[in-house]
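Each chain, written out:
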Amino acid sequence: MRWTAFRIGAIAWIFTGIVHDILEFVLPGDPELTALMRTSDMEIGPVTLNSEQLIRGVSLGMGLAMATVGVLLWMMVDLLRERPNMARRFGIVAVVASAALLAVAVLFVPGPPLVTFSVATIAFALALVPRRTRVRTQTGASA
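Thresholds, definitions, all that
Residues numbered from 1 in each chain as written. Predicted model: local features only at pLDDT ≥ 70, side-chain atom pairs only at ≥ 80, totals over all residues. Heavy atoms only, no water. Helix = DSSP H or I, 4+ residues; strand = E, 2+ residues; numbered from the N terminus. Contact = heavy atoms within 4.5 Å. Salt bridge = Lys/Arg side-chain N within 4 Å of Asp/Glu carboxyl O. Pairing = 2+ DSSP bridges. Axes fitted to C-alpha atoms, helices over the stretch in contact; angles between N-to-C directions. Parallel < 35°, antiparallel > 145°, perpendicular 65-115°, else oblique. Left-handed = near helix turned anticlockwise from the far one by under 90°.

*Asks:* Provide a residue-level description of the environment of tryptophan 13, including the pertinent values.
*Replies:* Here tryptophan 13 is to be found in helix α1 (residues 3-26). In this structure, the C-alpha to C-alpha distance between tryptophan 13 and aspartate 30, residues 17 residues apart in sequence, is 28 Å. When residues no more than four places from it in sequence are discounted, the contact partners of tryptophan 13 are Met66, Ala67, Val69, Gly70, Leu73, Ala97, Ser98, Leu101, Phe117, Ala120 and Phe124.

This is the structure:
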């Protein structure tokens, strides 16, 4: 397993989640749409929320989840170094999850997630590529 590539993929997840949540607070929304969403109440069990609260909460939760997954992927490197037989399985899950989110970004969310999940997908795929074994030539051996 190529650990530097694995960590680059983890950083892409962390970066995406943090920037997503920052942009949720910084970017202004459409005032008319926000006002309309605030008038639309939804009952979720015993709680009544307006659509704007629900969408914002889900969005912030998604960003937090992406950052958390990235931190966990980063932390797994230390654990997987000691158990290399498990590394490939975690690497496959990481590359599949990154590719799935890249597909979602291609279909629904153009912009920065296209870049960050492209980086993550490529990094995790590279991490899975086996290292070449070096063939050592013996010096002084006759042919």
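*Asks:* Report on the pattern of salt bridges, specifying residues and quantitative values.
*Replies:* Counted under the stated rule, the structure contains five salt bridges. With a closest N to O distance of 3.9 Å, arginine 81 and aspartate 78 form a salt bridge. Residue arginine 81 and its partner aspartate 78 are located together in helix α3 (residues 51-82), separated by three residues, close to a single helical turn. Taken together, the shared-partner salt bridges connect Glu24, Arg38, Glu52 and Arg56 into one network.

*Asks:* An account of the pairing of strand β1 (residues 41-44) is needed here, citing residue identities and associated values.
*Replies:* Pairing between β1 and strand β2 (residues 47-50): four bridges, direction antiparallel. Residue methionine 42 lies in a different strand from β2, and its bridge partner there is leucine 49. The hairpin formed by β1 and β2 contains two residues between the paired strands, and glycine 45 there has a positive phi angle of roughly 65°.

*Asks:* So, the packing of α3 against helix α4 (residues 84-108): which residues are in play, and what are the values?
*Replies:* Packing of α3 against α4 leaves a shortest axis separation of 7 Å and a crossing angle of 155°. If you check the angle between α3 and α4, you find them roughly antiparallel. The two elements α3 and α4 cross, and the hand of that crossing is left-handed. Mapping the contact onto sequence places Leu73, Met76, Leu80, Arg81 and Glu82 in α3 and Pro84, Met86, Ala87, Phe90 and Ala94 in α4.

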